Amino acid sequence: MNRLAELNGILCIDKPAGFTSFDVVAKMRGIAKTRKIGHAGTLDPMATGVLPLFLGRATKACDILPRQDKKYLATFQLGLTTDTQDSTGTVLSRSPVTVGKAQVRAAAARFVGEIMQLPPMYSAVKVDGQRLYELARKGVQVERKARKIVIYSLEFTECNDIEHTYQIQVHCSKGTYIRTLIADIGEALGCGAVMTALRRTMAAGYVLEECITLAQAQQLADAGELGSQRLGAPLMPIGSAFTSLPRVFLGKSQARLFCNGVRLDAQRIQITRQGKPLLPEQVQGHLEVVSNKEFLGVAQLVQGELRLVKLFTLEE
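Everything numeric here is computed off the predicted structure, so don't read it as measured data.

Draft legend 1. The arrangement of the sheet that holds strand 21 (residues 305–311) in detail. Here 7 strands make up an open sheet; going across it, the order is 16-21-20-19-15-17-18 and the pairing mixed. A strand with exactly one partner marks an edge of an open sheet, and here the two such strands are strand 16 (264–265) and strand 18 (276–278). Of the strand pairs in this sheet, strand 20 (residues 294–302) and strand 21 are connected by 6 bridges, and their pairing is antiparallel. Directly across from L301, in strand 21, lies its bridge partner L306. Of the strands in this sheet, strand 15 (247–249), strand 16, strand 19 (286–291), strand 20 and strand 21 are in contact with helix 6 (residues 252–259), which crosses strand 20 at around 70°.

Below you can see the structure in the form of structure tokens.
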């Protein structure tokens, strides 16, 4: 039977409503019998969907993940505003809705691309060392700075002109607040809008189809199968988070040097992206390093040398 405390890898949980991201981490610490767990991308309690958890050595990946974009499926109601910008908050205003789906689509289209977004008061953003939601619960409003975000795409999947409810699919950059996006659309329409449901469908490159529930995780742990290495097992290898990067292939002797922190000549290594060879001068940013199909770590090219950024293999 697997020793759960030695689990190393990435487990995608379909976060249930009513749980904070930290609640999920705390629950998984009990299930996996380890405290070494991190996560990628905080979700509000009302939200559900993809929450990648990083166990064991995989926790070192959290701050260098190459995929920071996210995808969501959100529903919203026109004619309302709340203090939290979603249906869980206190209603601040009610307004008649005189617009139809054509106007709603047109208003939403203006938010696609690079925009500035003001973080909501009910958020985990820190101002002068305090979380905004902590201040908001005390009734304190503070000045916030708008941040640059990107809405890569926004598509309507459901439109109900009678109930004035809509559903959208959003592909966005890190740091985007979907409820704020919806509130801004409502403001642009002059009637207000609140988010009524949110489901994250992609984070860190992982999708819903790769997720399991907390109940399923418990069942697998009870059976000693949570860390199974079989194909299709829920615990994915650490290297799966870095497959979008250019790949460096090292021979056995090169791998040994690399793992010991030795800088390698960039002209003597093989680099590819999606199977196509790359020259060192064509590469920027981080690279995935493998040897004999084993993921070793993340590196970067600096002044003609391959330099270690983070190592993920066990030390010899």
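Draft legend 2. Representation of the nonpolar core. Membership of the largest hydrophobic core comes to 31 residues, with the highest contact counts inside it found for F76, L78, L154 and I178. Secondary structure elements with two or more residues in this core: strand 4 (70–78), helix 2 (101–109), strand 10 (147–160), strand 11 (165–172), helix 4 (178–189) and strand 12 (193–203). In terms of residues, this core owes the most to one element, helix 4, which gives 5 residues. Sequence-distant contacts of I178, that is, excluding residues within four places in its chain, are made with Y72, A74, V170, C172, M195 and L198. Grouped together as the second largest cluster of nonpolar side chains are 21 residues, A40, Y206, F295 and V298 included.

Here is what the cut-offs are and how they apply
Residues numbered from 1 in each chain as written. Predicted model: local features only at pLDDT ≥ 70, side-chain atom pairs only at ≥ 80, totals over all residues. Heavy atoms only, no water. Pairing = 2+ DSSP bridges. Helix = DSSP H or I, 4+ residues; strand = E, 2+ residues; numbered from the N terminus. Contact = heavy atoms within 4.5 Å. Axes fitted to C-alpha atoms, helices over the stretch in contact; angles between N-to-C directions. Core = buried A, V, L, I, M, F, W, Y, C linked by side-chain atoms within 4.5 Å. Buried < 20%, exposed > 50% of the residue type's maximum accessible area, 1.4 Å probe, protein only.

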